[in-house]
Amino acid sequence: MHFFCEQCKKEYPVATHSFQCECGGLFRLYQSAMDAKDVHDGVTLGEMPTPLLPRMMDGQRFYFKMEDRQPTGSFKDRGAKRLIGELAHIGIDKVALDTAGNAGAAVAAAGIACRVYVPDDVAAERVKQIAAYGADIVRVPNGRAHTMAMAQEELGDAYYASHIYNPLFIDGVKSMAYEIYDQLGGTVPDYIFVPIGNGTMLLGLYQGFEEIGRLPHFVGVQSTKCAPVVDAFHGFPRTPYRHTIAETIRVEEPPRMEAILWALRSSQGDAIAVEDGAILTAAKALGERGIYAELTAAAALAGARAFFAEGMPDNYRVIVPIPGSGLKR
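Rules and cut-offs
Residues numbered from 1 in each chain as written. Predicted model: local features only at pLDDT ≥ 70, side-chain atom pairs only at ≥ 80, totals over all residues. Heavy atoms only, no water. Helix = DSSP H or I, 4+ residues; strand = E, 2+ residues; numbered from the N terminus. Buried < 20%, exposed > 50% of the residue type's maximum accessible area, 1.4 Å probe, protein only. Pairing = 2+ DSSP bridges. Axes fitted to C-alpha atoms, helices over the stretch in contact; angles between N-to-C directions.

Comments concerning unusual backbone geometry
Okay, so step 1: Even without being glycine, Asn 142 reaches a positive phi, approximately 75 degrees.
Okay, so step 2: For Asn 142, the position within the fold is in the loop between strand 8 (136-140) and helix 5 (143-153).
Okay, so step 3: Take Asn 142: its relative accessible area is 66%, and that puts it in the exposed class.
Okay, so step 4: Despite not being glycine, Gln 268 has its phi angle at roughly 55 degrees, a positive value.
Okay, so step 5: With respect to the helices and strands, Gln 268 occurs in the loop between helix 10 (257-266) and strand 12 (270-274).
Okay, so step 6: Residue classification places Gln 268 among the exposed residues on the basis of a relative accessible area of 64%.

In structure tokens:
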């Protein structure tokens, strides 16, 4: 197993302290069939298969993948287990990363020494959770992009455990696709509405369903106040980015933009933006049905409701992931 550059194909060992190729390309993961079976399970957060919960809304049935039930309250536990498990196996015991909250909590909870860089406007609840797991917190002003840059500049001898740059993290998220497939009786859903910031969930789901052999239609959802993927997908002029209540998908320049666009287009999917007001309305609708979700999840539901505003065929199986718990607001 090794990393390779998606541009020039140069190979790097998994233990490399480089987080991207010297040519500027990002890493992808190569693993043989034997590697894929030899997953190291020495690290666990108590992660589990999560329910696929059917609920009726607007006379339509949606299936909610309840990733808020994971131990730290988000789907990022899947990626952290895979990444930190592999790092522990090869003897790496100190990491650093930047996060809007969920990835930092998941990695810190995995029991490795870590330094976590967070934007200074992230919800206090998210920072408290990361600190509770023993991580060193570094607050960074001026937004998510500046936070990422500072984490990369100050790595020192720490391994960069990024859910964006490290393909092992994405490899862990793909387990969600296999669970959905099994929970639907060995079938692939028709649509999955995925909230997109840096695209970790989308890319993990895409990888999983690609391995299964059939893709659902992926629809990426962003806030109208920060929608770089929607703009790029449709060829819209880039609009000024503003603060949005869906803070974990407030990413102005996703490093894996090309991979995100590939996943959406090759699945014959779409990308849509929703107003913050629609996100709040969707959050209320979820709460009334017993689902207390972070606003990122509500954005995905708002996107699905807008997409099917004129109706949905009764036989469609439409998945709306609940990436994280509302307790993280």
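Observations regarding the sheet that holds strand 10 (residues 191-195)
Within a beta sheet, neighbouring strands are joined by backbone hydrogen bonds and run either parallel or antiparallel to one another.
Okay, so step 1: Read from one edge of the open sheet, six strands run 4-5-13-10-11-12, paired in mixed fashion. Both outer strands of the open sheet, strand 4 (52-57) and strand 12, are each paired with one neighbouring strand and no more. Strand-to-strand twist in this sheet, taken as the mean axis angle between neighbours without regard to direction, amounts to 30 degrees.
Okay, so step 2: Note that strand 11 (residues 217-223) and strand 12 share five bridges and pair parallel. Following the sheet pairing, Val 219 is matched in strand 12 by Asp 270.

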